[in-house]
Amino acid sequence: MNPPRNHPLVVRAADGLLPSWAQASESRRLHMTRVSNLMREWAVVRAECEDEVVRWAALGHLHDVLRDGDPAELRAMVDDEFAELPGKLLHGPAAAGRLAREGVEDDGLLRAVAFHTLGHPGLDTAGVALYAADFLEPGRAVRAQWRASLRGRMPDELDEVAFEVAGARTEHLRGIGGSIRPETAAFLELLTMRVHG
């Protein structure tokens, strides 16, 4: 099945042109550009069609389009299923909701934006790549060599790298006493099956 044609907002985002309602600081925008560059590079290496390359690059810019929004305002924008999320995780679901209200009908793109921090078993290939790229982009200083080694395996080992990223994220979350959401657990289980059979 062919993916839906890209909405004009998505096409503009692929070139770094964010919607007027974006709430992202300059440093956040630099992060988004680095993620977008990785996503575009990986899509090209995978020989994705031009529409899909645009879609992947747009995801890099759109995933954090509301990252610097006020958590109370973002909470008012999300569906009930996200109501209990901590404030710093609301930006994905809020951005996906806003994109849908702007006319974006690409369910895979919307799911990728909504769940880029949590993971979700329903993520398409671009969504899994975004989950990894957000964590691996070269501007992140913590464990920089390890992240660089994982980037070097992309996109050929997408599932394996995403599995390692998901493992590191859940281990960190458990280490600080956080709970693992059902979507994250299901995503990790799916990646485990893909990687280990």
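Everything that follows concerns the structure shown earlier in this document.
Chemist: I'm lost on the nonpolar core in this one. Help?
Modeler: Note that soluble globular proteins tend to have their nonpolar side chains buried in a common cluster. Counting residues in each nonpolar core, the largest one holds 63 residues, and the members touching the most others are M39, W42, L59, L62, L99, L109 and V113. If you tally residues by element for this core, the top one is helix α7 (residues 125-136), at nine residues.

Chemist: Honestly, helix α3 (residues 50-62) in this entry has me stumped. Any pointers?
Modeler: Turn by turn, an α-helix covers 3.6 residues, leaving residues three or four places apart pointing in a common direction. Taking 1.5 Å per residue as the helical rise, α3 with its 13 residues ought to reach 18 Å, and the 18 Å between its terminal C-alpha atoms agrees with that figure. On the buried face of α3, the contacting elements are α1 (8-14), α2 (26-45), α5 (91-101), α6 (107-114) and α7.

Chemist: Where do I start with α6 in this structure?
Modeler: Of all eight residues in α6, six are buried; the element is thus mostly enclosed. Buried within α6 are the following residues: G108, L109, L110, A112, V113 and A114. Of the surrounding elements, those touching the buried residues of α6 are α1, α3, α5 and α7.

Chemist: Honestly, the packing of α7 against helix α9 (residues 158-175) in this entry has me stumped. Any pointers?
Modeler: For any two helices packed against each other, one specifies the inter-axial angle together with the distance between the axes. Orientation of α7 relative to α9, taken along the N-to-C sense of each, is 55 degrees, at an axis distance of 9 Å. Taken together, the axes of α7 and α9 lie oblique to each other. The element α7 and its partner α9 pack so that their crossing is left-handed. Across the interface between the two elements, T125, V128, A129, Y131, D134, F135 and L136 of α7 pack against L158, D159, V161, A162, V165, A166, A168 and R169 of α9.

Chemist: Would you take a moment to explain the environment of L109 for this structure?
Modeler: Checked against the element boundaries, L109 lands in helix α6. The buried category is assigned to L109, whose relative accessible area is 0%. Not counting residues within four places of it along the chain, the set of residues in contact with L109 comprises V10, R55, L59, L99 and V104.

Chemist: Could you clarify how one ought to interpret the environment of G103 in this entry?
Modeler: With respect to the helices, strands and loops of the structure, G103 is situated in the loop between α5 and α6. For G103, a relative accessible area of 31% corresponds to the partly exposed category. Expressed as a C-alpha distance, the spacing of G103 and V195, which sit 92 residues apart in the sequence, is 36 Å.

Chemist: Before we go on, may I ask you to explain the side chain of H61 in this structure?
Modeler: Note on placement: H61 falls in helix α3. Overall, the relative accessible area of 7% leaves H61 in the buried class. There is a polar contact of 3.3 Å between the side chain of H61 and the side chain of S36. Look past the residues within four positions of H61 in its chain and what remains in contact with it is A13, A14, G16, L18, M32, T33 and S36.

Chemist: Looking at this model, I keep getting lost on the side chain of R55. Mind explaining?
Modeler: As for its position among the elements, R55 is in helix α3. Looking at R55, the relative accessible area reads 3%, which means it is buried. Side-chain polar atoms of R55 contact the side chain of D106, separated by 2.5 Å. Not counting residues within four places of it along the chain, the set of residues in contact with R55 comprises N6, V10, D106, G108, L109, D124 and A126.

Chemist: Looking at this structure, I do not really get the pattern of salt bridges. What am I missing?
Modeler: Any two side chains of opposite charge can pair, so long as their charged atoms come close to each other. As enumerated under the stated definition, the model contains 14 salt bridges in all. A salt bridge links E137 to R34; its shortest N-O distance comes to 2.5 Å. Taken together, the positions of E137 in the loop between α7 and α8 (144-152) and R34 in helix α2 put the pair 103 residues apart, joining distant regions of the chain. Looking at E137, the relative accessible area reads 2%, which means it is buried. Look at R34 and you get partly exposed, because its relative accessible area is 28%. For R194, the salt bridge goes to D159, with nearest N and O atoms at 3.2 Å. Within this pair, whereas R194 is found in helix α10 (residues 182-196), its partner D159 is found in helix α9, the two being separated by 35 residues in sequence. The network of salt bridges with common partners includes E52, R55, D106 and D124.

Parameters at a glance
Residues numbered from 1 in each chain as written. Predicted model: local features only at pLDDT ≥ 70, side-chain atom pairs only at ≥ 80, totals over all residues. Heavy atoms only, no water. Core = buried A, V, L, I, M, F, W, Y, C linked by side-chain atoms within 4.5 Å. Buried < 20%, exposed > 50% of the residue type's maximum accessible area, 1.4 Å probe, protein only. Helix = DSSP H or I, 4+ residues; strand = E, 2+ residues; numbered from the N terminus. Expected span 1.5 Å × (residues − 1). Contact = heavy atoms within 4.5 Å. Axes fitted to C-alpha atoms, helices over the stretch in contact; angles between N-to-C directions. Parallel < 35°, antiparallel > 145°, perpendicular 65-115°, else oblique. Left-handed = near helix turned anticlockwise from the far one by under 90°. Polar contact = N/O pair within 3.5 Å; in protein donor to acceptor, adjacent residues only side chain to side chain. Salt bridge = Lys/Arg side-chain N within 4 Å of Asp/Glu carboxyl O.

Taken by themselves, the reported measurements are silent on function.
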